[in-house]
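# Analysis of the macromolecular model
Chain by chain, the residues run as shown.
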Amino acid sequence: MLYPLSGAGSWSDALSGAVAGLIFIVARDVISPRVLGLKRYVLCPLIDMLNHDGTVPSDVQYRVFSDTFCVTAEREVGTGDEVRISYGPRSNDQLLQYHGFVERGCVHDAYIMSAFLSHVDTACGVSDGALDRLEREGLLAALRRGIRLDCEGACDEPSIELTRRLCDALGGQLTPADALLAACRLERQAMPTTLGADVAELAQLAARRKQGKAGPAKASKGFDPTAVDERRRTILDFRVAKKTILDKAISALERQSRD
């Protein structure tokens, strides 16, 4: 309004500028994220300090007209309790890669068994003819990428279908459940440590931290034994999470085979 009143331009110029600004805002904040699926990332003080909890329904929004960020957590927070938000449906692989931590009991976690086809080959042998058939059907590349187990150890629908088609190509040597069970067992056997050993080492680290004792001393400038323990704890948390998924899958498949 000040633009035409001050004599800097006409009312039509002012209206054109207002319309252009409105179109830009709508395109940036509505069309780009919601229609085109594009995302913008920002560093936001205070909100960036909120920790993650994958079970908390939450939302972070930028309100254009008030020029503010709004955090909504759909869970009651008591006085003195920590406010947490969800960083999204991220597995521990994603949380570790992008945020540097592992969430215990992550409801969005998954286990990707990239050696699935190799394990089935070890269990019963996958002939060249079966591989050729899978290649013709456009399934070989997907099988080589592996199958996915969710946090409860269950295969998702694409993995179930891949396993079924693989068993068909093998001429019925294995049922899909038998193939999955054999692969899961071989995957676990290939791991250098057991779930129990990892859990025991985590307990040792927790006890040492509680007692205020640092890790093994080393005469080196800038060396922080406590940081070594924290890195080790993160590694163990990740291994425990993945082995827990694998053990759940094995238990479920063993029950299925008995039934």
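Residue indices begin from 1 for each chain and proceed along its sequence in written order. Owing to the predicted nature of the model, reporting of local features is limited to residues with pLDDT of at least 70; listing and counting of side-chain atom pairs is limited to 80 or more, with chain, interface and lining totals taken over all residues. In computing side-chain properties, one takes all heavy atoms of the structure into account and sets aside hydrogens as well as water.

### Observations regarding the overall build of the chain
Counted only if it meets this: Helix numbering and strand numbering both begin at the N terminus, where a helix is a DSSP run of H or I of at least 4 residues and a strand a DSSP run of E of at least 2. Only protein chains enter the area calculation, which uses a 1.4 Å probe; residues under 20% of their type maximum are buried, those over 50% are exposed, and those in between are partly exposed. We call two residues in contact whenever any of their non-hydrogen atoms come within 4.5 Å of each other. Working definition of accessibility: Shrake-Rupley area with a 1.4 Å probe, residue cover restricted to the visible protein chains.
When you go through the chain residue by residue, the secondary structure sums to 10 helices and 6 strands. Here the chain holds 259 residues, and 28% of them are scored as buried. In the chain, the proportion of contacts linking residues at least 24 apart, taken out of those at least 6 apart, comes to 63%. Approximately 16800 Å² of the chain is accessible, and the part contributed by carbon and sulfur atoms is 56%.

### Side note on the environment of Ala 154
One can find Ala 154 in the loop between strand 6 (147-150) and helix 7 (157-169). A residue is classified by how much of its surface remains accessible, and Ala 154, at 35% relative accessible area, is partly exposed. For the pair Ala 154 and Ile 245, spaced 91 residues apart in sequence, the C-alpha to C-alpha distance is 8.7 Å. Excluding residues within four positions of it along the chain, Ala 154 makes contact with Arg 148 and Leu 149.

### Quick notes on the nonpolar core
Put simply, the rule is: For our purposes a nonpolar core is just a set of buried Ala, Val, Leu, Ile, Met, Phe, Trp, Tyr and Cys residues, chained together by side-chain atoms within 4.5 Å.
Core analysis: the biggest nonpolar cluster contains 32 residues, and Met 113, Phe 116, Val 120, Leu 149, Leu 166 and Cys 184 have the highest contact counts within it. Of all the elements in the fold, those that place two or more residues in this core are strand 5 (110-113), helix 4 (116-124), helix 5 (128-136), helix 6 (140-145), strand 6, helix 7, helix 8 (176-189) and helix 10 (225-258). Top element by residues in this core is helix 8. It accounts for 6 residues.

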